[in-house]
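Residue-level listing of the chains:
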Amino acid sequence: MSNRITVGLDGSGADTAAADWAAHEAELRGAALELVHAEDWAQYGPFAVPLPEPREQWAEELLSRTRDRLLREHPTLGISTHGTKGLAASKVLASSAAEADLLVLGSRGLGTVAGFIVGSTGSATIPETDTPVVLVRSVDGQDSPPRHAGDAGPVVLGVDLRSNCDRLLAFACEEADRRACPLVVVHGWSLPPVFSYAPVLDPGVEKEMADGLDTTLSELLRPWEKKYPRLALDARIVIGQPAIQILDAASGAALVVVGRRIRRPALGARIGPITHAVMHHATSPVAVVAHD
């Protein structure tokens, strides 16, 4: 790996929170930070953007201004900048992410009910890269993130026990270990329709299935407990919609980690419904980790 974090800038204001979070994360990792801006002007129609003549100057000033601000707050951090013209932002970011350990993007809050705007660039970039992508929120009109990476909140990981969770667990364990904070692992489940009346007929059915899932999760986590002996692991098997259970556990989290299956369908890659819901409604930074 390159030991580098890349953060995308678009000048909309939401990227301020993303740049701050990325700088803190780079310090935690001892990594370099790369600021990237792509001049994909067509997608910013609703926003006030410079006229065609000063576009290049505006982009250079955005990168320079952000770099100078971050260096004042993180004087020992190695920060580079990269700008491109005439290319789709999602393609540029995905290309930059291929050479980085982490890609960080911003999103803007809409309120407690509506959630957050991930944006067309973020939604398009995530399926195009296998590099973990972190979405950082600006909340209530503020351009700063709700908390910094070093806060005491846990790292919360949502898992699907039917999938290969190795990449998710590796990422989440490293993040929690780096922060010296607990790791909460959540698996939400519901009884299959064929068993919808089973708890009424036999109250032991639900407990038996929950116990089986608990055993499966414990076995899944055992090698990671050995690898990270100082890590406080909190494994939770909870009944209910997985996205809701993850969001409930994520209240006050330092970071929420969810997965996206690596697929190459003819119509393009997609983000699953659980990850999509967490991306749009979690107030904490959300890491989307691609996995098999």
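This one's a predicted model, so the numbers in the text were calculated from it and none came from an experiment.

Cut-off values and rules
Residues numbered from 1 in each chain as written. Predicted model: local features only at pLDDT ≥ 70, side-chain atom pairs only at ≥ 80, totals over all residues. Heavy atoms only, no water. Helix = DSSP H or I, 4+ residues; strand = E, 2+ residues; numbered from the N terminus. Buried < 20%, exposed > 50% of the residue type's maximum accessible area, 1.4 Å probe, protein only. Contact = heavy atoms within 4.5 Å. Areas by Shrake-Rupley, 256 points an atom, 1.4 Å probe, with all protein chains shown as cover. Pairing = 2+ DSSP bridges. Core = buried A, V, L, I, M, F, W, Y, C linked by side-chain atoms within 4.5 Å. Salt bridge = Lys/Arg side-chain N within 4 Å of Asp/Glu carboxyl O. Axes fitted to C-alpha atoms, helices over the stretch in contact; angles between N-to-C directions. Parallel < 35°, antiparallel > 145°, perpendicular 65-115°, else oblique. Left-handed = near helix turned anticlockwise from the far one by under 90°. Nonpolar A, V, L, I, M, F, W, Y, C, P; charged D, E, K, R; others polar. Expected span 1.5 Å × (residues − 1). pLDDT = per-residue confidence, 0-100.

Caption draft 1: Focus on the overall build of the chain. Along the chain, the regular secondary structure elements total nine helices and 11 strands. In the chain, which comprises 292 residues, the proportion classed as buried is 47%. For the chain, the proportion of contacts with a sequence separation of at least 24, taken over those separated by at least 6, is 79%. When the accessible surface of the chain is split by element, carbon and sulfur atoms take 53% of a total near 14100 Å².

Caption draft 2: A look at the pairing of strand β7 (residues 155–158). Of the two faces of β7, the one lined by Val155 and Leu157 and the one lined by Val156 and Gly158 are each fully buried. One ladder, built from four bridges, connects β7 with strand β8 (residues 183–189); its direction is parallel. Following the sheet pairing, Leu157 is matched in β8 by Val185. Pairing of β7 with strand β10 (residues 255–261) involves three bridges; the strand directions are parallel. Bridge pairing in β10 links Leu157 to Val257.

Caption draft 3: Region of the structure containing unusual backbone geometry. With a phi close to 55°, Ala180 is a non-glycine residue in the positive phi region. Within the secondary structure, Ala180 is located in the loop between α5 (166–179) and β8. Its relative accessible area of 71% is what places Ala180 among the exposed residues.

Caption draft 4: Representation of the nonpolar core in the model. Of all hydrophobic cores here, the largest spans 47 residues; its most connected members are Leu33, Val104, Leu157, Leu183 and Val257. Every residue in contact with Val257, bar those within four places of it in the chain, is listed here: Val155, Val156, Leu157, Gly158, Leu168, Phe171, Ala172, Ala287 and Val289. Listed in part, the 27 residues of the second largest apolar core include Leu105, Ile126, Ala253 and Val286.

Caption draft 5: Structural view of the pattern of salt bridges. Applying the stated criterion to the full structure yields 13 salt bridges. Through salt bridges with shared partners, a single ionic network connects Glu25, Arg29, Glu175, Arg178 and Arg179.

Caption draft 6: Region of the structure containing the packing of helix α1 (residues 14–29) against helix α2 (residues 55–73). One way to put it is that α1 packs onto α2 with a least axis distance of 11 Å and a crossing angle of 40°. Here α2 runs oblique to α1, going by the angle between their axes. Seen along the crossing, α1 lies across α2 with a hand that is right-handed. Seen from α1, the contacting residues are Thr16, Ala19, Asp20 and Ala23; seen from α2, they are Thr66, Arg69, Leu70 and Glu73. Tallied by class, residues from the contact of α1 with α2 come to three nonpolar, two polar and three charged.

Caption draft 7: Looking closely at α5. Given a rise of 1.5 Å per residue, 14 residues ought to cover 20 Å, and the 20 Å separating the end C-alpha atoms of α5 matches this to within 8%. Here α5 has its buried residues at Leu168, Leu169, Ala170, Phe171, Ala172, Cys173, Glu175, Ala176 and Arg179. One or two positions beyond α5, positive phi appears at Ala180, with a value near 55°.

Caption draft 8: Layout of the packing of α1 against α5. One way to put it is that α1 packs onto α5 with a least axis distance of 10 Å and a crossing angle of 80°. The angle between α1 and α5 falls in the class roughly perpendicular. Residue-level contacts link Trp21, Glu25, Leu28 and Arg29 of α1 to Phe171, Glu175, Arg178 and Arg179 of α5. Partitioned by chemical class, the residues of the contact of α1 with α5 number three nonpolar, no polar and five charged.

Caption draft 9: Expanded view of the confidence of the model for the chain. Confidence in the prediction of the chain, expressed as mean pLDDT, is 83, and 77% of residues score 70 or more. The least confident element of the chain is strand β5 (residues 115–117), whose mean pLDDT is 47; the most confident is β7, at 98. In this model, residues 110–116 is a region of pLDDT below 50 whose contacts with residues beyond four sequence positions or in other chains number 20 contacts. Across residues 146–150, where pLDDT falls below 50, the model places 17 contacts with residues more than four positions away in sequence or in other chains.

Caption draft 10: Region of the structure containing the side chain of Thr275. Inspection of the secondary structure puts Thr275 in helix α9 (residues 273–281). Classification of Thr275 as buried rests on a relative accessible area of 6%.

Caption draft 11: Main features of the environment of Thr16. The residue Thr16 is located in helix α1 in this model. Taking the C-alpha atoms as reference points, Thr16 and Arg137, separated by 121 residues in sequence, lie 9.6 Å from one another.

Caption draft 12: Focus on the pairing of β8. For β8, the tally of buried residues reaches seven of seven residues, placing the bulk of the element in the interior. Residues Leu183, Val185, His187 and Trp189 point to one face of β8 and Val184, Val186 and Gly188 to the other, with burial holding for every one of them. Pairing of β8 with strand β9 (residues 233–239), which is carried by seven bridges, proceeds in the parallel orientation. Bridging from a neighbouring strand, Leu183 pairs with Leu233 of β9.

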